[in-house]
Amino acid sequence: MTRIRFSGCVLSLDDEAPRYAEASISRVSGARYDGVADWYDREFATGELAAAPRETAVRLLGEGAGKLLDVGCGTGAHTAAFGEHGWDVVGVDISEDQLRLARERGVEVVQADVAALPFDDASFDAVISMWTHTDVDDFSALLREAARVLRADGPFVYVGAHPCFVGPHSGFISAEGVPELHPGYYWRTERHTEAPGISPQGLRAKVGATHLPLGHFLQAFPDAGFRLERFEELKNREYPYTVALRCRR
Ligand SMILES: C[S@@+](CC[C@H](N)C(=O)[O-])C[C@H]1O[C@@H](n2cnc3c(N)ncnc32)[C@H](O)[C@@H]1O
């Protein structure tokens, strides 16, 4: 068996051309969702909270016309849905536990760090990422890698937490009502597991949260080489919990 080492990832090749699903990772760091994947999938990826963001992502992506990469795909619930809209989907995530559920959904997955994607330049027709800027250590690196693997003029869709109202600075439990903002946290970009906006029983107490102020978040897209095409705040709540955007490179 031949082994090809990519940065952060080892692909095992038999006689056939490599399939993404055969990728394995040599050293996993930051797989914070290992051990909470089933709970995450039930509460967040397939629950009521997931429906409107997923519909928005599907609308911004459009019907499939080629290969789609889902960066930080988690349990693959959204990834599988994109497949139902005609896309030939591949998911990438660092957590083996999350990827276990994605595989059970029939999604083709690769275990890798979003900061070093094991794919060729311009090898995807579209790229999507959902709910990742609050989880990855380096969102700018994720965006640079998304831009690199996307073909010229292909769409990159991002859906995630609204930086103004969701984060360590904001009590917005279950995205209900009016968020309660707290001083001393909005400009801090380090990972938090305890803060006024983090419920001790919630996801962020388990896996932590990174926070980007709105300006840092938005500026990261043009800095990675994208041009913004659409930017939306989901209106399904009293205050917006979710932002969604489409850009191209
Ligand atoms: C909030 S979950 C979102 C999962 C999925 N996109 C969804 O919407 O259900 C964040 C995901 O990012 C993944 N992640 C965090 N850091 C990562 C990294 N450096 N490389 C790859 N995946 C990472 C986690 O394992 C987790 O599955």
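Look up: the structure comes first, before these words.
Observations concerning the sheet that holds strand 6 (residues 108-111)
Piece 1. Strand order in the open sheet formed by seven strands is 6-5-4-7-8-12-11, with mixed pairing between adjacent strands. Each of the sheet's edge strands pairs with one partner strand only, and the pair in question is strand 6 and strand 11 (227-233). Along the sheet, successive strands turn relative to each other by an average axial angle of 20°, direction set aside.
Piece 2. Pairing between strand 7 (residues 126-130) and strand 8 (residues 155-161): four bridges, direction parallel. The residue bridging Met130 from the neighbouring strand is Val159, located in strand 8.
Piece 3. Running at roughly 170° to strand 6, helix 4 (residues 96-104) makes contact with strand 5 (87-93) and strand 6 of the sheet.
Piece 4. Strand contacts of helix 5 (residues 139-149): strand 4 (66-71), strand 7 and strand 8, with the helix running at about 160° to strand 7, the strand carrying the most contacts.

Section: the nonpolar core
Piece 1. Within the largest apolar cluster, 54 residues are counted, with the highest numbers of intra-cluster contacts made by Val92, Val127, Ile128 and Ala146.
Piece 2. At six residues, the largest contribution of residues to this core is made by helix 5.

Describing the site of the ligand
Piece 1. Taken together, the neighbourhood of the ligand is formed by 19 residues, with Gly72, Gly74, Ile94, Ser95 and Met130 sitting nearest.
Piece 2. Classifying every residue of the shell around the ligand by side-chain character gives nine nonpolar, seven polar and three charged.

As for unusual backbone geometry
Piece 1. Phi is positive for Ala122, which is not a glycine, with a value near 55°.
Piece 2. Within the fold, Ala122 resides in the loop between strand 6 and strand 7.
Piece 3. With a phi angle near 70°, Asp153 is a residue other than glycine that sits in the positive phi range.
Piece 4. With respect to the element layout, Asp153 can be found in the loop between helix 5 and strand 8.

Observations regarding helix 5
Piece 1. When we look at burial in helix 5, the residues that qualify are Phe139, Leu142, Leu143, Glu145, Ala146, Ala147 and Val149.
Piece 2. Of the surrounding elements, those touching the buried residues of helix 5 are strand 4, strand 7, strand 8 and helix 7 (214-223).

Description of the pairing of strand 4
Piece 1. As judged from the six bridges shared by strand 4 and strand 5, these two strands associate in the parallel manner. By the bridge assignment, Gly66 is partnered in strand 5 with Trp87.
Piece 2. Between the parallel elements strand 4 and strand 5, the chain passes through helix 3 (residues 77-83) in a crossover that is right-handed.
Piece 3. Sheet topology note: the strand 4/strand 7 ladder contains three bridges and is parallel. Each bridged residue has a counterpart across the sheet, and for Asp70 the counterpart in strand 7 is Ile128.

Definitions and cut-offs
Residues numbered from 1 in each chain as written. Predicted model: local features only at pLDDT ≥ 70, side-chain atom pairs only at ≥ 80, totals over all residues. Pairing = 2+ DSSP bridges. Helix = DSSP H or I, 4+ residues; strand = E, 2+ residues; numbered from the N terminus. Axes fitted to C-alpha atoms, helices over the stretch in contact; angles between N-to-C directions. Contact = placed C-beta atoms within 7 Å. Core = buried A, V, L, I, M, F, W, Y, C linked by C-beta atoms within 7 Å. Buried ≥ 20, exposed ≤ 12 C-beta atoms within 10 Å, placed from the backbone. Near = placed C-beta within 6 Å. Nonpolar A, V, L, I, M, F, W, Y, C, P; charged D, E, K, R; others polar. Right-handed = clockwise from strand over helix to strand, strands pointing away.

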